Each structure stands twice: as C-alpha cells, then as structure tokens.
Amino acid sequence: MSLPSQSSLSALSLEAIVSECHDAIITKSLDGKVTSWNAGAEKLFGYSSEERLGQTMAVLFPSLGLQEEEQILATIGNGQLVEPFRTTRIHKSGRPIVVSVSVSPIRNTVGDVCGVLMVERDVSSFLRQEHCSNHYEAIVNSADDAIISKSLDGTIETWNSAAEKMFGYKANEAIGQNIKLIFPKERYAEEEKLISSVLGEKPIRHFRTTRLHKDGRKIFASVSISPIFDAYGRVTGFSKIARDITKEIEHEKQFSRQINYDGLTGILNREGILNCVEELIQLSQVRGKKFALLSLNLDNFRAINERYGKAFGDRVLARVARELQCHIRGADEVGRLGGDEFLICLFGFSDLEGVKKAAQKVVQAVSDIQDVKGVNIRPTASVGISIFPEDGKSRTVLLNRANNALAQVKHANKNSYLLYSGVIGSELKQDNLLVQELKLALNNEELFLVFQPICHATDQRVDKVEVLVRWNHPELGFVPPDVFIPLAEKYGLISQIDEFVVRQALKHLSRWTGLFGMDFQVSINASPFSFFADEDSVNRIRDQLHEFGLKGENVVLEITEHSFLEDTAQTQKLLDAYHELGVKIAIDDFGTGYSSLTYLRKYPIDYLKIDKVFVSAIESNQMDYNLCQCVIELAKKVGIKVVTEGIETSTQKETLQSLESDYLQGYLFSKPLSEKALLEYMKRIH
Ligand code: C2E
Ligand code: CA
Ligand code: CA
C-alpha cells in the first residue's frame, strides 16, 4: 500500500483516521458516558460501539478502577491535566488487559471542558517482554560466570557483573570495546578458530584457555561460545560464558606436582616428563609444530658419587636440575628420568640452529658449575637430541633416538651435544635409501662390469684381468663400489651381487678365450659373506663353468685377509673344494689386515696381492720398500705368485720389477676398462 501524499492526507476526514487507528479512541461526557467508540476500541475490549455508546465504562474496570475513573473525570472537569498512566481493563471475555492511557479534555466552542478523550493502547505483550528481560537481566547479573556478548566484528555489547569481577573492567569501560581487550596477544588467533568452529556448527563448551585481567595478570578460563541469531536466522554476534578456573588449575597443578614431581630435585619426575612428552606429541601433531627432545647425562657423575658419597651426589643432581631449569625458557620442560639422566622438551623454536643454541646453553650451564656446597667439582654433561616429527612420531622412538645420539656423543666427545638427524640420522637415511636403490639396481640392470688388466712384470703381457663391478644409478650417478659393497654386505645383498658378477664375468670370458687363449683368467673379488658362507657357492661355480665351457683354472677368487679371520673347518673345506675345482685363490689387500703367515701354510693360496698403500710411497718410504721386498721373497719361497696393485708411475713399476714382483696392476698400465676398450687394449699390446 502506498503512503498518501500531503494533500490527500489533509483531505482525509478526522473520522476516517479515528476509525482506522489501532488504538482505542474513546470519548465520554463528563459524567462518564461513552459518546464515541472506534474500531480500535471494539477490537481491544471486545465490545461493539452499539454495546458501549451511552453507557459508562464500569464493565471494563476492575473493582478499584471505578474510583480511578471518578478521579480522572473530576480532574479533567476542573480543567487540570492528567498524566498518561498504565492501568488494567477487563476484556469482554473477562481477561485482564494492561493498557497505557492518555487523557485529554474536549472543549466546546467557548472553551469550556465538555467531555473527555481517552486513547488506550494494549501494552500487555510489551510488558511481558519487559518483564522477561528484567528477569533475564536479574539472572545474568546474579550469575557467577562472566556472560558477555559481542557483535560479529568483536565489539563487546553486553557485560554482566561477574564479567566485571572476573576481568576488572566495569560494564561502561568494556561495552563498545573490542573483545581483544581481555585477550593475551598469543590468543588472538585462537579466538578466530573458535568462532569459525562455532559457525561450522561445532559448539565450543568449556574450552580451557587464558584471558587477561585489567591489571595485566593472566587468568585461566573455561569458555563456552554460542552464536546469536536474528529473527531471520542470521548470526549477528556471539555470546560467551566464561568461568575463572585459575584456582582449579592451581589445585590441579598442586596435585600433579605431588605425583609428577621429583622430591630430590623439584623438577618433573620420570612419570611427569614422559607424560609431558606424550602431551607434546599430541599437541604438536594438531598444531603441525616441531619439538625437540634433549636427553642429558652427566659425564662424571659416577666418579663424583664414588668420591664424595651418595648424599653429596644427590646435592649435585639438585644443583644440576636447578641450573637446567634456569637455562631453559619458561614454557619448556625439564625432568629427571632417574639417576643422572635428565630429559628436556624444547618447543617454539624456528629452526635447528635454535635447538643447537639451547643445547649448547644447557651443556654450558652444567660445566659452569664450579662447586657444590663448597666442594670444588666440575660436572660436565652430554646431550643427545631428537626432533619430532623427523626423527620419530612416538615417545619410544624419539627417546630411543635421543639416547642413541647421546651414546654417540659420549663415545666421541663428552661435554657436548649431538643431533640424531645431524649424524646418525642422515647416515642411516642415506644407507636405507641406497639399499632400496641397490635392490632396484639388481633388477634394472644398473650394475655392469669393467676389467683391469694384470700385466706380467717382465714383458707386460696380459693373461688375466681383475673384474670390478660398477653401479651407474640413473639419478645418483656413479656410486663407488667402496660405498655400496660394504652396504650390500651389511644388508644381505652381497650374494646377489657376487652371483651377478660371477655369471657376467664367465659369460664375458667365454667370448674371449678364442681371442686371448684358453688359459686367460678373470680375477673376481669374492666377498666372504657369499663365497664362504655355504657349500652351494662351489657347486654353483662348478655348474656355471660347465655351462660356459670353462675350467676352474680360468677363475681366480680374490679374498681379503679379513675373510680368513673366520678360521674354521668350513673355511678350510670350501677353500679345498675350490682348489679341487682348479679355481685359484688370491689374498687381496695383503698387508692391510691381520696378516698371518700361518694362512699361507694352511690354505691353498696361489697369489698374494700387495695392497696399493705400500706401493704409493715405495720410493720415499724405506719401510714400505722393505715390506714389499720381504713379502715377495717370502711368497717365492712358498711358491706363491705376487701381484702388486696400484702402480701409477714408471719408478714404481721399475722398483717392483727389480724386486721381482710377478705381476703388476695399476693405472700406469690401464684403468679398469669396458669390454670394448679391453679388446682394443689387448689388440694394441699383443
Ligand atoms: P680392490 O679389490 O682392492 O680393487 C682394486 C681397486 O683399486 C679398484 O677400485 C681399482 O679401480 C683401483 N685401482 C686399480 N689400479 C689403481 C691405481 O693405479 N691407483 C689407484 N689409486 N687405484 C687403482 P674400485 O673398482 O673402486 O674397487 C674398490 C673395491 O671395491 C675393490 O677393491 C673391491 O674390494 C671392491 N669391489 C669392486 N668390485 C667388486 C666386486 O665385483 N665384488 C666384490 N665383492 N667387491 C668388489
Ligand atoms: Ca681386488
Ligand atoms: Ca686390492
């Protein structure tokens, strides 16, 4: 419906306005008889105008109301004003209605009062609301909990008396301010998370947090938050109920202190600190944060204890605990696991440098102790560190790894610290990575062989080559055998490698015998873990020799001295079996291990390979020269041929020729070669 314009408004008759009005508009004569009764009055009181015209309003009044009516009529009749008032009327149905009443005199043309105009409005529902809100206000203000509401932009809108008490701000100081007024800085972000959780229909009930009192002190609070909706279901703000639980928390702390704290040192006991680690794991997981576990041990506690007695030892521990506590940040935790073992949890660091600095500070703090109770002692401590989540996601693994690092640092250099990831971790990870890759390499044909000629010392003829394995990883590139062979030995992959090498070597050799002669030899490096681990290895080689049409004499097994350390009946038996097959045995790297001349007598040895370490300095080091001389002479006496490895210069070659080494091997003659290059090499020298 459109609003009437100004001109049409004035054209409307007063009568029409009165009849349309929702309020009851009633006129009476001075003796109280109704002279007009509009539609609003009909609706409000239930009587039609016919029923009321010419009648008094007595039926509408409760018994006391009659007196009130008389007074009003008298006052108006005397030309006096009547202030608007509230009163009760009785509806036709008998139901009481509360109305607000304004009364005006009606004057005749000469200005005398001749009647009364009453405008009455139903205020029952308004009163009910008012009553309710008074009621609520009374409840809210008598509550022990702070009840606060805030708008969407965080402006405080209501603030009850408990809020005044809890936070120290009066309602007029708080209302209109941002809710951050009562937040410690570190909690700003938390509020947003809580609100978005509430909006996501996850109610927040009794959430434990901290708030700020007007005087700056922190209060522990338990908070519940609910959204406030408008009539259309839109969120217009939030109400919060907060309870001060500072005392409760203090009680809890006191209680946990009794069961979680170490009587001797006053810091957390084993139970306490381990619980703390568990909690930190959960918290860090949720927040996506790291923390560090420092396992600390005194280096010389036992000596102190033995020298000064247990009671004094206890004092040292208490002192160390105090120092540790002084040198970590307030939020970090320190506890004693037992004896002189301490555990520290550090968090809130930005990078590993921060952890290292903290560890250094702790180590320093202990070594700075000069004396305890006047006794001059100098304790020192070692620290092993693991980091969540890199080094482990469970308490056991983290603790284990921190202790692992601790053991390392104690072994290497006490009075210091070590990160598990820094040393052991990276080595282990690298090892694991390589082992995985090596397994794939065996299947993916990333391994291949090269051959290094072994020359006769006198005329440099070549009738044998050493077989060396190579690994070309598609991403890591060339991985040296010195790196992956020991790993393969350690992780049980060596027999697979050795089998591959033997098979490939025999396959190559079978192609060469026509070119190089039937007596040509491949010298294969034999890992003790595969060649001397079971009798099957002999059978396998026998079968393969047969398969490729070769004889035992075509193969030399190079065995390092270390393999002989297992000087057992089994070693003897296998060596004898190879010997019977015609396979030759060479002792590799002779002189670097635990050389025992008894081996030369006991086992069927055909060659000795003098290690390159003795060759490299043979011109300048008399000792090396003498050693080579002795070995060669000795070998000759027992009928063993000598191969000298690592010849790089002509002088080395001449020296060893003069010492009458039977064979020479080294870069001077040739580096290890591919099959193709070997064929060219052989063509060139013969
Ligand atoms: P090794 O048995 O002592 O092999 C000789 C090493 O000396 C080879 O290194 C060879 O390339 C190197 N070399 C040869 N001449 C010279 C020289 O004049 N100067 C210098 N500086 N070095 C020279 P490579 O190939 O890196 O092999 C290292 C070690 O890896 C070998 O030492 C051997 O113990 C092991 N290995 C290599 N291939 C195999 C294999 O197929 N199976 C097993 N089980 N071990 C292998
Ligand atoms: Ca070798
Ligand atoms: Ca060697």
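Conventions and cut-offs
- Residues numbered from 1 in each chain as written.
- Chains lettered and ligands numbered in written order.
- Predicted model: local features only at pLDDT ≥ 70, side-chain atom pairs only at ≥ 80, totals over all residues.
- Heavy atoms only, no water.
- Helix = DSSP H or I, 4+ residues; strand = E, 2+ residues; numbered from the N terminus.
- Polar contact = N/O pair within 3.5 Å; in protein donor to acceptor, adjacent residues only side chain to side chain.
- Contact = heavy atoms within 4.5 Å.
- pLDDT = per-residue confidence, 0-100.
- Donors = N, O, S within 2.8 Å, 3.2 Å for Na, K, Ca; no water.
- Buried < 20%, exposed > 50% of the residue type's maximum accessible area, 1.4 Å probe, protein only.
- Expected span 1.5 Å × (residues − 1).
- Arc of directions from axis to C-beta.
- Pairing = 2+ DSSP bridges.
- Core = buried A, V, L, I, M, F, W, Y, C linked by side-chain atoms within 4.5 Å.
- Phe/Tyr/Trp six-rings, centres within 6.5 Å; stacked < 30°, edge-to-face > 60°.
- Lys NZ or Arg CZ within 6 Å of the ring centre and 35° of its normal.
- Axes fitted to C-alpha atoms, helices over the stretch in contact; angles between N-to-C directions.

With respect to the helices, strands and loops of the structure, Gln665 is situated in the loop between β26 (663–664) and α27 (675–685). Among the polar contacts listed, one links the side chain of Gln665 to the side chain of Glu466, at a separation of 2.8 Å. Those residues in contact with Gln665 that lie beyond four places of it in its chain are Gln452, Pro453, Ile454, Glu466, Lys609, Val643, Thr644, Glu645, Gly646 and Ile647.

On average, residues of the protein chain score 87 in pLDDT, and 95% of them reach the 70 mark or higher. With pLDDT under 50 throughout, residues 1–7 is counted as low confidence; its partners more than four residues away or in other chains account for 0 contacts.

Here we come to the coordination of the calcium ion (ligand 2). The protein atoms that coordinate the calcium ion (ligand 2) are Glu466 (OE), Asn525 (OD1), Glu558 (OE) and Asp588 (OD), at distances spanning 2.1 to 2.4 Å. A gap of 3.9 Å separates the calcium ion (ligand 2) and the calcium ion (ligand 3), which Asp588 links by coordinating each metal. Of this pair, Glu466 sits in strand β19 (residues 462–473) while Glu558 is found in strand β22 (residues 555–560), placing the two residues 92 residues apart along the sequence. Overall, the relative accessible area of 3% leaves Glu466 in the buried class. Judged by relative accessible area, which is 2%, Glu558 ranks as buried.

The terminal C-alpha atoms of helix α9 (residues 188–199), which comprises 12 residues, lie 17 Å apart, in line with the 16 Å expected from a rise of 1.5 Å per residue. Among all positions in α9, only Glu190, Glu191, Leu194, Ile195, Ser197 and Val198 are buried. One side of α9 holds all its buried residues, which, seen down the axis, span an arc of 160°. In α9, the exposed residues that point more than 90 degrees away from the buried face are Glu192 and Lys193. On its buried face, α9 is in contact with β6 (146–151), β8 (204–212), β9 (218–229) and β10 (235–244). Just beyond α9, the residue with positive phi is Glu201, at close to 65°.

Time to look at the pairing of β10. Relative to β10, β6 runs antiparallel, the two sharing 6 bridges. The residue of β10 that forms the bridge with Ala146 is Ala242. Note that β9 and β10 share 9 bridges and pair antiparallel. Residue pairing across strands places Ala221 opposite Asp244, the latter belonging to β10.

The next point concerns the nonpolar core. Core analysis: the biggest nonpolar cluster contains 75 residues, and Ile497, Trp512, Ile524, Leu557, Tyr578 and Leu656 have the highest contact counts within it. Broken down by element, the residue count for this core peaks at 9 residues, all from helix α18 (residues 494–516). Apart from residues no more than four positions distant in its own chain, Ile524 is found in contact with Val467, Val501, Val502, Ala505, Val555, Val556, Leu557 and Glu558. With 32 residues, the next largest nonpolar core counts Phe301, Ala321, Ile369 and Val383 among its residues.

Donor atoms from the polypeptide that bind the calcium ion (ligand 3) are Asp588 (OD), Asp589 (OD), Glu645 (OE) and Glu645 (OE), placed at 2.2 to 2.8 Å. Sequence spacing among the residues donating to the calcium ion (ligand 3) works out to D-D-x55-E. Of the residues examined, Asp589 reaches a relative accessible area of 24% and is grouped as partly exposed.

With that out of the way, let us pick up the packing of aromatic side chains. All told, the structure shown has 10 aromatic pairs when counted by the stated rule. For the pair Trp471 and Phe484, a centre-to-centre distance of 5.4 Å together with 85° between the ring planes defines the contact as edge-to-face. Taken together, the residues Trp471 in strand β19 and Phe484 in helix α17 (residues 481–490) connect sequence positions 13 residues apart. Like Trp471, the residue Phe484 is buried in the burial classification. Note on Phe516 and Phe520: the rings are 4.8 Å apart at their centroids and 45° apart in plane angle, and the pair reads as tilted. Take Phe516 and Phe520: they sit in the same class, and that class is buried. Here the aromatic residues Phe451, Trp512, Phe516 and Phe520 are joined through ring pairs into a cluster of three or more. Between the NZ or CZ atom of Arg52 and the centre of the ring of Tyr47, over which it lies, the distance is 4.9 Å. The ring of Tyr188 has Lys180 lying over it, and the distance from NZ or CZ to the ring centre is 4.9 Å.

Both β8 and β9 contribute to a ladder of 7 bridges, which runs antiparallel. By the bridge assignment for β9, Arg211 is matched with Ile219. Here β8 hands over to β9 after 5 residues, with Gly216 in that stretch at a positive phi of 95°.

Across the sheet, 5 strands lie side by side as β7-β6-β10-β9-β8; this open sheet has antiparallel pairing. Both outer strands of the open sheet, β7 (156–159) and β8, are each paired with one neighbouring strand and no more. Here the average twist between neighbouring strands, direction ignored, is 30°. Of the strands in this sheet, β6, β8, β9 and β10 are in contact with α9, which crosses β8 at around 165°.

Bringing the sheet that holds strand β3 (residues 85–90) into the picture now. Sheets are built from strands paired through backbone hydrogen bonds, the pairs being either parallel or antiparallel. Pairing is antiparallel in the open sheet, where 5 strands are placed in the order β2-β1-β5-β4-β3. Both edges of this open sheet fall to β2 (34–37) and β3, since each of them pairs with a single strand only. Averaged over neighbouring strand pairs, the angle between their axes works out to 35° when direction is ignored. As judged from the 3 bridges shared by strand β1 (residues 24–29) and β2, these two strands associate in the antiparallel manner. Among the inter-strand pairings, Ile26 is bridged to a residue of β2, identified as Trp37.

Before going further, it helps to examine helix α14 (residues 352–367). End to end, α14 covers 23 Å across 16 residues, agreeing with the expected 22 Å (1.5 Å per residue, within 8%). Inspection of α14 places Val355, Ala359, Val362, Val363, Ala365, Val366 and Ser367 among the buried residues, and these make up the whole buried set.

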